[in-house]
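Residue-level listing of the chains:
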Amino acid sequence: MRLKSAAVVFCTLVALAGCSSADAPDSAPRPPGNADGAQNETGPQRPSRDDLSTFALDVDTASYGYAAGRLRDGRRPDPDTVRPEEFVNSFDQHYPQPKGDGFAVHVDGSRLPASHEASRETRLLRIGLQTRGEDSEQRKDAALTFVIDVSGSMDDPDRLGLVQDALHTLVDQLRPTDAVAIVTFNDQARVIRKMTRVTEKKALHAAIDSVRVGGSTNLNNGLVAGYETARDGFREGYSNRVILLSDGLANTGTTDPDRMLRRVREEADKEIALLGVGVGSDYGDDLMEQLADRGDGFVVYVSERRQARDVFVHKLPATLALRAMDAKAQVQFDTKTVASYELIGYENRQVADENFRNDHVDGGEVGPGHAVTALYLVRLKPEASGRVAEVRVRWLDPSTKQPSETYESIAVGDLSGDFTGADVRLRVCYAAAFFAVALRGGDGARDVNLTDLAKIADEAAGRLDERPVDDLAELIRTAQRLS
């Protein structure tokens, strides 16, 4: 995703319960803004002060994957690595797909669960943005340059062994017309295999098996060599990608993130996007997130072979094409019905409201079949009726670079149903988002407790019979035991 901010440290969410006009005076100081001028607003916002909420779309899921790995290892994640939107976007939503390119907009909501401490006027609003899927045979051919961290810190079967297993699986799944290059790096970078047709599988498998670990982590050298290899093997009309596999712990050579990010940005502008796959219990979350954001890509985190194979076989191919570039969402809340609203997460994805239609300001890149979900807590005015908000999404066509927009509205009645009767996937979204809020701690965590979240996740798991939702319930219970 080409996003506005390299920061990934969130400010603390502020509880909606008991919020009044005195709680958020117009003269209150605002936190620093993102690069395009957006303010990193957190906590409840009053429509009378600002009725617009604007953010870049994001399909990253690394924050949830990393937190899950830490919890399975018996450790709670660092709160600074917890991003609620990435927890939510880790779960399938099954929104209806649009007939054409671009997005279908889905809006729904409910009252909050009885266990959530908030005023009775507070509602949960879910916004879902869905692109059309794509048959694997319809996608463009791909030219993929894998940049593999082989430093000493990767000397673990759950790091390098996991990466090698996933790459072997991917090579066997790719088309004969696809092509792969392999670059490794520790103190220095080395081109193991220049761009090679997948018809030469034996040579590619041998190159993957030849990888050995040792030395320090000169991530900058790895990126430079990776992009040079990708540029040398660039194929017009293909999806050209650099895929970085690393624990993100740069400690040798140029470790200045800004310098590395400039190189990534330059190459992304030349149609070579960066995808990040993070591994390792000690993990440079901040740097990997920034690199993927600047590189028009996304970042995931994997900690076990089943998960890695799923990423490489199912999720990675879906990112080799694009449905939308520089995609942004803007929600306009009705001042007649809404007392306050709060976006859960997306703090480092905010866009200045006036830049929603400025197509020179970066948004997010979204591939076929991807869904992006945003949750809001909305406190209604007493006896409110009528429209709550209008949701707009704007994006550029990847081929023509022409902008398009679509929108949808939601009314008070759409948010009035009981939480227990709401769509089961909405309840999964709630459990995932507020699990993240609880892991981050602070004032926002006081409104929920892990016992109640585990029950909500368990009930949803019983309805859906999906392993990821089963895992969510178990992770919440694990976090509770570690509290």
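Residues numbered from 1 in each chain as written. Predicted model: local features only at pLDDT ≥ 70, side-chain atom pairs only at ≥ 80, totals over all residues. Heavy atoms only, no water.

Q: It is not clear to me how the nonpolar core should be interpreted in this structure. Could you clarify?
A: Ranked by internal contacts, the top residues of the largest apolar core, which has 66 residues, are Leu-57, Phe-146, Phe-312 and Tyr-376. One finds Phe-91, Ala-461, Ala-473 and Leu-475 within the second-largest nonpolar core, a separate group that totals 44 residues. (Core = buried A, V, L, I, M, F, W, Y, C linked by side-chain atoms within 4.5 Å. Buried < 20%, exposed > 50% of the residue type's maximum accessible area, 1.4 Å probe, protein only.)

Q: Honestly, helix α1 (residues 62–72) in this entry has me stumped. Any pointers?
A: Every α-helical turn comprises 3.6 residues, leaving residues that sit three or four positions apart pointing alike. Along α1, ten of the eleven residues are buried, which leaves the element largely enclosed by surrounding structure. Looking one or two residues past α1, Gly-74 carries a phi angle of roughly 85°, positive in sign. (Helix = DSSP H or I, 4+ residues; strand = E, 2+ residues; numbered from the N terminus.)

Q: It is not clear to me how the packing of aromatic side chains should be interpreted in this structure. Could you clarify?
A: In this description, an aromatic ring pair is defined by two values, namely the gap between the centres and the angle between the planes. Under the defined criterion, the tally for this structure stands at 14 aromatic pairs. Centroid distance Tyr-66 to Tyr-301: 5.2 Å. Interplanar angle 70°. Geometry classified as edge-to-face. Remark: Tyr-301 occurs in strand β9 (residues 299–301) and Tyr-66 occurs in helix α1; sequence separation between them is 235 residues. Given the relative accessible area of 5%, Tyr-66 is considered buried. (Phe/Tyr/Trp six-rings, centres within 6.5 Å; stacked < 30°, edge-to-face > 60°.)

Q: Quick question: what am I supposed to make of the pairing of strand β4 (residues 142–149) here?
A: The side chains of a regular strand alternate between the sheet's two faces. In terms of burial, β4 is a largely internal element, eight of the eight residues being buried. Here β4 shows no split at all, with Ala-142, Leu-144, Phe-146 and Ile-148 on one side and Ala-143, Thr-145, Val-147 and Asp-149 on the other all buried. Alignment of β4 against strand β7 (residues 239–246), held across seven bridges, turns out to be parallel. Each residue of the ladder has a partner; that of Leu-144, found in β7, is Arg-241. (Pairing = 2+ DSSP bridges.)

Q: Explain the sheet that holds strand β3 (residues 122–130) here, please?
A: Picture the strands of a sheet paired through backbone hydrogen bonds; they go either parallel or antiparallel. In space, the four strands of this open sheet follow the order β2-β3-β13-β11, with antiparallel pairing throughout. A single partner strand is all that each edge strand has here, and the edge strands are β2 (104–111) and β11 (338–343). Across this sheet, the average inter-strand angle for adjacent strands is 25°, counted without regard to direction. Relative to strand β13 (residues 371–380), β11 runs antiparallel, the two sharing five bridges. Its bridge partner being in β13, Leu-343 is matched across the sheet by Tyr-376. Against the sheet, helix α9 (residues 424–440) contacts β2, β3 and β13, and its axis sits at roughly 80° relative to β13. (Axes fitted to C-alpha atoms, helices over the stretch in contact; angles between N-to-C directions. Contact = heavy atoms within 4.5 Å.)

Q: I'm lost on the layout of surface pockets in this one. Help?
A: Gaps left between atoms are located by rolling a probe of water-molecule size over the structure's atoms. In this structure, the second largest pocket occupies an estimated 700 Å³ of space. Forming the walls of the second largest pocket are 31 residues, and the residues nearest its centre are Lys-140, Glu-271, Leu-322, Met-325 and Pro-398. Only β7 and β10 (324–333) provide two or more residues apiece to the lining of the second largest pocket. A total of three residues in the lining of the second largest pocket trace back to one element, the largest contributor, which is β7. A class-by-class count of the residues in the lining of the second largest pocket yields eleven nonpolar, five polar and 15 charged. (1 Å grid on protein atoms, 1.4 Å probe; cavity = no way out; pocket = protein on both sides within 12 Å on 5 of 7 lines; lining within 4 Å. Points joined across faces, edges and corners; volume = space filled by probe spheres on them. Nonpolar A, V, L, I, M, F, W, Y, C, P; charged D, E, K, R; others polar.)

Q: Please clarify how the pattern of salt bridges should be interpreted in this entry.
A: Charged atoms that come close allow side chains of opposite charge to pair. Under the defined criterion, the tally for this structure stands at 32 salt bridges. Measuring nitrogen to oxygen at the nearest pair gives 3.3 Å for the salt bridge that ties Arg-126 to Asp-423. Note that Arg-126 is positioned in strand β3 and Asp-423 in the loop between β15 (403–411) and α9, a separation of 297 residues in sequence. Given the relative accessible area of 2%, Arg-126 is considered buried. Here Glu-405 ties to Arg-357 by a salt bridge, and the two come within 2.6 Å at their closest N and O atoms. Of the two residues, Glu-405 sits in strand β15 while Arg-357 sits in the loop between β11 and β12 (364–366), which places them 48 residues apart along the sequence. Judged by its relative accessible area of 48%, Arg-357 falls in the partly exposed class. By sharing partners, the salt bridges in this structure join Asp-58, Asp-60, Arg-83, Glu-86, Asp-285, Glu-289 and Arg-349 into a single network. (Salt bridge = Lys/Arg side-chain N within 4 Å of Asp/Glu carboxyl O.)

Q: How should I be thinking about the confidence of the model for the chain in this particular structure?
A: Interpretation of the predicted coordinates at a detailed level should be avoided for regions scoring low in pLDDT. Looking at the chain, pLDDT values average 86 and 90% of them are 70 or higher. The secondary-structure element of the chain with the lowest mean pLDDT is helix α8 (residues 305–318), recorded at 77, while β3 shows the highest, at 98. (pLDDT = per-residue confidence, 0-100.)

Q: Help me understand the pairing of β2 in this model?
A: Where burial is concerned, most of β2 is hidden: six out of the eight residues are buried. Summarising the sheet, β2 and β3 pair through eight bridges and their orientation is antiparallel. Within the sheet, the bridge partner assigned to Val-105 lies in β3 and is Leu-129.

Q: When you look at the sheet that holds strand β5 (residues 179–185) in this model, what are you seeing that I'm missing?
A: Taken in spatial order, the six strands line up as β6-β5-β4-β7-β8-β9 in an open sheet, and their pairing is mixed. Edge positions in the sheet fall to β6 (189–197) and β9, since each has one partner strand and no second. This sheet shows a mean twist of 15° between the axes of neighbouring strands, independent of strand direction. Helix-sheet contacts for helix α5 (residues 219–232) involve β4, β5, β6, β7 and β8 (273–278), and the interaxial angle to β5 is about 160°. The sheet strands contacting helix α7 (residues 285–294) are β7, β8 and β9, and the helix crosses β8 at an angle near 155°.

Q: Where do I start with unusual backbone geometry in this structure?
A: Glycine aside, the phi torsion of most residues is negative, and most peptide linkages are trans. Unlike most non-glycine residues, His-94 shows phi in positive territory, near 60°. With a relative accessible area of 57%, His-94 lands in the exposed category.

Q: What's the story with the packing of α1 against helix α11 (residues 467–482) in this structure? I'm lost.
A: Any two packed helices are characterised by how steeply their axes cross, that is the angle between the axes, and by the distance between the axes. Their axes nearest at 10 Å, the elements α1 and α11 cross at an angle of 55°. As summarised for this structure, α1 and α11 are arranged oblique, according to the angle between their axes. Judged by the twist between their axes, the crossing of α1 over α11 is left-handed. In contact with Tyr-64, Ala-68, Leu-71 and Arg-72 of α1, α11 contributes Asp-471, Leu-472, Leu-475, Thr-478, Ala-479 and Leu-482. Grouping the constituent residues of the contact of α1 with α11 by class yields seven nonpolar, one polar and two charged. (Parallel < 35°, antiparallel > 145°, perpendicular 65-115°, else oblique. Left-handed = near helix turned anticlockwise from the far one by under 90°.)

Q: Explanation requested: the side chain of Arg-323 in the structure shown.
A: The topology assignment puts Arg-323 in the loop between α8 and β10. Separated by 3.0 Å, the side chain of Arg-323 and the backbone oxygen of Arg-132 make a polar contact. For Arg-323, the residues in contact, after removing those within four places along its chain, are Asp-101, Gly-102, Thr-131, Arg-132, Gly-133, Glu-134, Val-366, Gly-367, Pro-368, Trp-395 and Pro-398. (Polar contact = N/O pair within 3.5 Å; in protein donor to acceptor, adjacent residues only side chain to side chain.)

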